[in-house]
Amino acid sequence: MSQDARTVTVKLLDKEYTISCPDGAEAELLASADYLDAKMREIKTSGKIVGLERIAVMAALNMSHELIKNREQNRQSVEMQLRRLGHKIDQSLERLEQPENPPENLS
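Not measured: the values here are computed from a predicted model.

Participant: Help me out: how do you make sense of the overall build of the protein chain in this one?
Facilitator: For the protein chain, the count of helices and strands is two helices and two strands. Listing the helices and strands of the protein chain from first to last along the sequence gives β-β-α-α. Buried residues in the protein chain amount to 15% of all 107 residues. In the protein chain, the share of contacts with a sequence separation of at least 24, taken over all contacts with a separation of at least 6, comes to 26%. Counting only carbon and sulfur atoms, one obtains 53% of the accessible surface of the protein chain, whose full area is about 9200 Å².

Participant: What am I meant to see in the pattern of salt bridges here?
Facilitator: Close approach of charged atoms allows side chains of opposite charge to pair. In total, this model carries eight salt bridges according to the counting rule given. The salt bridge partner of Arg41 is Asp37, with a shortest N-O separation of 2.9 Å. Taken as a pair, Arg41 and Asp37 lie in helix α1 (residues 26–46) at a separation of four residues, close to a single helical turn. Take Arg41: its relative accessible area is 32%, and that puts it in the partly exposed class. Looking at Asp37, the relative accessible area reads 13%, which means it is buried. One network of salt bridges, in which partners are shared, links Glu72, Arg75, Glu79 and Arg83.

Participant: Is there a simple way to think about the nonpolar core in this case?
Facilitator: Soluble globular proteins tend to pack their nonpolar side chains together in the buried interior. Among the nonpolar cores identified, the biggest contains eleven residues, and these are Val8, Val10, Leu12, Leu13, Cys21, Leu29, Ala33, Met40, Ile43, Ile55 and Ala59. Element by element, the count of residues in this core is highest for α1, at four residues. Beyond its immediate sequence surroundings of up to four residues, Val8 is in contact with Tyr17, Thr18, Ile19, Cys21, Glu26, Leu29 and Leu30.

Participant: Would you explain α1 in this entry?
Facilitator: For α1, which comprises 21 residues, the first-to-last C-alpha distance of 30 Å matches the rise-based estimate of 30 Å (1.5 Å per residue) to within 8%. Of all the residues in α1, the buried ones are Glu26, Leu29, Ala33, Asp37, Lys39, Met40 and Ile43. Positive phi shows up at Gly47, right after α1, with a value of about 75°.

What counts and how
Residues numbered from 1 in each chain as written. Predicted model: local features only at pLDDT ≥ 70, side-chain atom pairs only at ≥ 80, totals over all residues. Heavy atoms only, no water. Helix = DSSP H or I, 4+ residues; strand = E, 2+ residues; numbered from the N terminus. Buried < 20%, exposed > 50% of the residue type's maximum accessible area, 1.4 Å probe, protein only. Contact = heavy atoms within 4.5 Å. Areas by Shrake-Rupley, 256 points an atom, 1.4 Å probe, with all protein chains shown as cover. Salt bridge = Lys/Arg side-chain N within 4 Å of Asp/Glu carboxyl O. Core = buried A, V, L, I, M, F, W, Y, C linked by side-chain atoms within 4.5 Å. Expected span 1.5 Å × (residues − 1).

Listed below in structure tokens is the structure:
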């Protein structure tokens, strides 16, 4: 373990694990462990899956699915915002290309 790493103890389904993490990342690790523990408890409470390893794998799969789904939603949101901005830019350019006051015929 390097000097800029720390060990943190986390609890998952009442079992303690000692994890090494970079110095300063302890809060993030603990938050991640809390989230994982909550997901594992949901699965355990459902009673459909038995065994710590199976519960952990199912929680990991569920969390991976959430992550992929959120990434896709974020990608779609960014694309929509870019389309809106492109449309606004096009409108602004059209306004700039149009003469403000067309010259009057003074004949």
